[in-house]
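For reference, the chains in residue letters:
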Amino acid sequence: MINCKEEILKMKEEKNATILAHYYVRDEIQELADYVGDSYYLSKIGLKLDAEIIVFCGVSFMAECAKILSPHKKVLLPNLEAKCHMVELASKEDLLNLKEKHKTAKVVSYVNSSTDIKAISDACCTSSNAYNIVKNIDADEIIFVPDKNLGSHIQKMLPEKNIILWDGYCCVHDDISSESVLNYKEKLDTEIKILVHPECNLEVRKLADFVGSTGQMIDYVGKCDSNDFLVLTESGILYELKNRYPDKVFHNLDTICNPMKCITLEDLYNSLLFEKNEIFLEESLRIKANNALLKMLELGK
Ligand code: 13P
Ligand code: SF4
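Residues numbered from 1 in each chain as written. Chains lettered and ligands numbered in written order. Predicted model: local features only at pLDDT ≥ 70, side-chain atom pairs only at ≥ 80, totals over all residues. Heavy atoms only, no water.

Visitor: Can you help me understand the environment of Ser 39 in this one?
Guide: Tracing the chain through its elements places Ser 39 in helix α3 (residues 39-48). Linking Ser 39 and Tyr 23, residues 16 residues apart in sequence, is a C-alpha distance of 9.0 Å. Setting aside chain neighbours within four positions, we find Ser 39 in contact with His 22, Met 62, Val 111 and Thr 126. (Helix = DSSP H or I, 4+ residues; strand = E, 2+ residues; numbered from the N terminus. Contact = heavy atoms within 4.5 Å.)

The structure is reproduced here in structure tokens:
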């Protein structure tokens, strides 16, 4: 019987590979990863690495972002089933039609979108930099695709911009109901701070003490005096929160993103061993999508 963990660490050295992981993947994968972060952090970190291979433990759009920004690296996705549901909710054809109707508008696409969508966008954004991107992009009218919840959250903060929302959403976050949050809160006899991911619906966002990306939530806890937190995002984030703040208490509504959780240690082992599930992108498409991602890095500062 092979020891997956030891073998992965050995192969990583031999092959000059780096493992990147999102906060939503299984604990044992976060534990092995070289870098763990939110989608903005993970898109930037790939650029700094001198590794020949990046094994991306996250959903496919994240691995594609790494390949778009670092085309000379071999990028592997350990399980091809790891696909974000939201990506399917925006097609190139529909976006081109909407662009036709709003000729002066600029397109900001959430990174949770396909490479095709990124390639016809003016800039990309993640949940942690969307405010800066929409604020700094030189247009008053913005088509924001595909997450209507993140888009309307940004619209509230930037009333001077006219954001045209797409009808997309994350079924995992959008499914969290304000009733379930209030019920949970009622059963506790302690004061809790409510942290909400901007992919959650408006009723849930209204209950928040803080709205932000996974990385921003983790930073917020570090700066906050409170001891108890209800964290309204995928439960994988608890691994980092508990490690970083062992004296604080974290609650979650058992929110699970199946595509993130489908990546196992065995998948990681096999993808490194056989260098399988490599991401390939057509070069002219990659260059266009790269422009939108580079614009995000420029405007997001
Ligand atoms: P973060 O940018 O907060 O990591 O979010 C990514 C994501 O897919 C949330 O569902
Ligand atoms: Fe996509 Fe939602 Fe999963 Fe994030 S939590 S990867 S948006 S399906």
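Now that the structure has been shown, we can carry on.
Visitor: Can you walk me through the pattern of salt bridges in this structure?
Guide: Any two side chains of opposite charge can pair, given that their charged atoms come close. For the coordinates displayed, the defined rule picks out 14 salt bridges. A salt bridge links Lys 74 to Glu 275; its shortest N-O distance comes to 2.7 Å. Placement of Lys 74 in strand β4 (residues 74-76) and of Glu 275 in the loop between α15 (265-274) and α16 (283-299) is noted, with a sequence separation of 201 residues between them. The exposure class of Lys 74 is partly exposed, given its relative accessible area of 25%. A salt bridge links Lys 148 to Asp 167, with the nearest nitrogen and oxygen atoms 3.3 Å apart. Residue Lys 148 is found in helix α8 (residues 148-157), and its partner Asp 167 is found in the loop between β8 (162-165) and α9 (171-174); the two are separated by 19 residues along the sequence. Connected through shared salt-bridge partners, Lys 15, Lys 74 and Glu 275 make up one network. (Salt bridge = Lys/Arg side-chain N within 4 Å of Asp/Glu carboxyl O. Buried < 20%, exposed > 50% of the residue type's maximum accessible area, 1.4 Å probe, protein only.)

Visitor: I keep staring at the sheet that holds strand β5 (residues 106-110) and nothing clicks. Help me out?
Guide: Sheets are built from strands paired through backbone hydrogen bonds, the pairs being either parallel or antiparallel. Read across the open sheet, the 4 strands follow the order β6-β5-β7-β8; overall the sheet is parallel. The sheet is open, and its two edges are formed by β6 (123-125) and β8, each paired on a single side. The sheet shows a mean angle of 30° between the axes of neighbouring strands, direction not considered. Two elements, β5 and strand β7 (residues 141-145), share 4 bridges in a ladder whose sense is parallel. Paired with Lys 106 across the bridge in β7 is Ile 142. Of the strands in this sheet, β5, β7 and β8 are in contact with helix α5 (residues 92-101), which crosses β7 at around 170°. (Pairing = 2+ DSSP bridges. Axes fitted to C-alpha atoms, helices over the stretch in contact; angles between N-to-C directions.)

Visitor: Help me understand the site of ligand 2, please; the structure alone is not making it clear to me.
Guide: Near ligand 2 you find Tyr 24, Val 59, Cys 84, His 85, Met 86, Asn 112, Cys 170, His 173, Glu 199, Cys 257 and Met 260, and these make up its full shell. With respect to the detected pockets, ligand 2 is housed in the largest cavity. When its residues are assigned to classes, the shell around ligand 2 shows 7 nonpolar, 3 polar and 1 charged. (Near = heavy atom within 4 Å. 1 Å grid on protein atoms, 1.4 Å probe; cavity = no way out; pocket = protein on both sides within 12 Å on 5 of 7 lines; lining within 4 Å. Sits in = over half its atoms within 2 Å of the grid points. Nonpolar A, V, L, I, M, F, W, Y, C, P; charged D, E, K, R; others polar.)

Visitor: What exactly am I supposed to notice about the pairing of β8 here?
Guide: The side chains of a regular strand alternate between both faces of the sheet. By the bridge criterion, 4 bridges tie β7 to β8 in an arrangement that is parallel. Within β8, the residue paired with Ile 142 across the bridge is Ile 163. In this fold, β7 hands off to α8, which returns the chain to β8; that crossover is right-handed. (Right-handed = clockwise from strand over helix to strand, strands pointing away.)

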